[in-house]
Amino acid sequence: MAIIDHWQEKHSRKPGKGRLILYIFLFALVLFLMLKADTFVQGFSSIFFSPDSASITEENHP
C-alpha cells in the first residue's frame, strides 16, 4: 500500500460547509475591521488620551 493511500484511508475527508462558512465569516470580519479602523482608533484615543493632552502636544510640536 502506498503512503498516500494509507494517509487517505486514515484521514478521510468529511464533506461539510462549516469550515467554509467560518472562513467567509472571518474574511468579512477582516474587511469590516479594515473599513472601520479609523473609527476604532478615534474611540481608543478618546478613551485613553484626554483632549487637553492632544492640544499640549500640538503646542510643543508645531
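Residues numbered from 1 in each chain as written. Predicted model: local features only at pLDDT ≥ 70, side-chain atom pairs only at ≥ 80, totals over all residues. Heavy atoms only, no water.

As a further point, take a nonpolar patch on the surface. Residues Leu-22, Tyr-23, Phe-25, Leu-26, Leu-29, Phe-32, Leu-33 and Phe-40 make up a contiguous nonpolar surface patch of roughly 790 Å² in combined accessible area. Broken down by element, the nonpolar patch gets its largest block of residues, 7 residues, from helix H2 (residues 18-35). For Leu-33, the location among the structural elements is in helix H2. (Patch = residues over 30% accessible without salt bridge, like charges linked within 9 Å, V, L, I, M, F, W, Y side chains within 5 Å. Areas by Shrake-Rupley, 256 points an atom, 1.4 Å probe, with all protein chains shown as cover. Salt bridge = Lys/Arg side-chain N within 4 Å of Asp/Glu carboxyl O. Helix = DSSP H or I, 4+ residues; strand = E, 2+ residues; numbered from the N terminus.)

Turning next to H2. Its 18 residues give H2 an end-to-end C-alpha distance of 26 Å, which sits within 8% of 26 Å, the value for a rise of 1.5 Å per residue. The buried fraction of H2 is low, at 0 of 18 residues. (Expected span 1.5 Å × (residues − 1). Buried < 20%, exposed > 50% of the residue type's maximum accessible area, 1.4 Å probe, protein only.)

Here the focus is the packing of aromatic side chains. Going through the model one piece at a time under the given rule, you end up with 1 aromatic pair. A ring pair is formed by Phe-44 and Phe-48, whose centres lie 4.7 Å apart and whose planes are at 45 degrees; its orientation type is tilted. Of this pair, Phe-44 and Phe-48 both sit in helix H3 (residues 37-48), 4 residues apart, which is roughly one turn of that helix. (Phe/Tyr/Trp six-rings, centres within 6.5 Å; stacked < 30°, edge-to-face > 60°.)

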